Amino acid sequence: MSAAAPGIAGPLRVLRFWNTTVGKKAVMAVSGVILAGFVLAHLLGNLQIFLGPDQFNGYARTLRHLPELVWPTRVLLLIMVTLHIWSSLQLAVVKSEARPVAYVKQTAIGSSYASRTMYLSGPVIAAFVVYHLMQFTFGMGGTPYHEFDAYGNVIQGFRVPAVSIFYVIAMALLCLHLRHGFWSMFQSLGFSHPRHMLRIRRAASLLALFIFFGFISIPIAVMLKIIPQVI
């Protein structure tokens, strides 16, 4: 009977775990939690725009002066996004292989609208993130951009109705994605119990609604000129 060398036993166990459906779900759940944590932190930072240009530009300036924090965070997020997408694709393949012949008539039983659109919302959210970075980070989104005026960039960007509408739609899909992902995470990690699932679903809904209304409050406030406008 042979045994794996001590130096490779750990990686082999990780590989075997990844090759299981449970392992893929665990990777997707953990990466999703980290990404959701960033979304919440990003929201709290963005809401500072209601405190005026000095506060918001000061917040953006602080981030620019902390590359030792910003770049490791970006690398971590890129890794988490890659793992999240890869694990979701792997699970889709497993599901497809388990039922190679589609249902003649598919009826949703015990599933939510969010769960049925998870694979659709993902690509739309990814496209939004790319455009969001182009617009507010790299200045390539087709709206006015000044490197040291984050406040003005947001105001000018959301003055364009199509941009604001796309933002609201993307946030709706993101929050449906987060709501389903949050409560299903407990099932993926083996922490679910029938007695607690109702509370978990409610908590997931409240968190998703908070994030949704928090994010869309910015373009709506810009369009309604509630936030002081730049000249």
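For the structure itself, look to the data block above.
The rules behind each value
Residues numbered from 1 in each chain as written. Predicted model: local features only at pLDDT ≥ 70, side-chain atom pairs only at ≥ 80, totals over all residues. Heavy atoms only, no water. Helix = DSSP H or I, 4+ residues; strand = E, 2+ residues; numbered from the N terminus. Buried < 20%, exposed > 50% of the residue type's maximum accessible area, 1.4 Å probe, protein only. Contact = heavy atoms within 4.5 Å. Patch = residues over 30% accessible without salt bridge, like charges linked within 9 Å, V, L, I, M, F, W, Y side chains within 5 Å. Areas by Shrake-Rupley, 256 points an atom, 1.4 Å probe, with all protein chains shown as cover. Salt bridge = Lys/Arg side-chain N within 4 Å of Asp/Glu carboxyl O. 1 Å grid on protein atoms, 1.4 Å probe; cavity = no way out; pocket = protein on both sides within 12 Å on 5 of 7 lines; lining within 4 Å. Points joined across faces, edges and corners; volume = space filled by probe spheres on them.

A. Structural view of the side chain of serine 164. If you trace the backbone, serine 164 turns up in helix H8 (residues 161-188). Residue class for serine 164 comes out buried when judged on its relative accessible area of 6%. Those residues within four positions of serine 164 in sequence are excluded, and the remaining contacts are Phe158, Pro219 and Met223.

B. Representation of a nonpolar patch on the surface within the structure. On the surface, a cluster of nonpolar side chains totalling about 370 Å² of accessible area is made up of Val81, Ile85, Trp86 and Leu89. Positionally, valine 81 belongs in helix H4 (residues 67-98). Accessibility expressed as a relative area gives 35% for valine 81, which makes it partly exposed.

C. Broad picture of empty space enclosed by the protein. One pass over the structure, following the stated rule, counts one cavity of 30 Å³ or more. Volume-wise, the largest cavity comes out at about 40 Å³. What lines the largest cavity is simply Phe128, Tyr131, His132, Gln135, Phe158, Val163, Phe166 and Tyr167. Every element with two or more residues in the lining of the largest cavity is listed here: helix H6 (118-136) and H8. Among the elements that take part in the lining of the largest cavity, H6 stands out by supplying four residues, more than any other.

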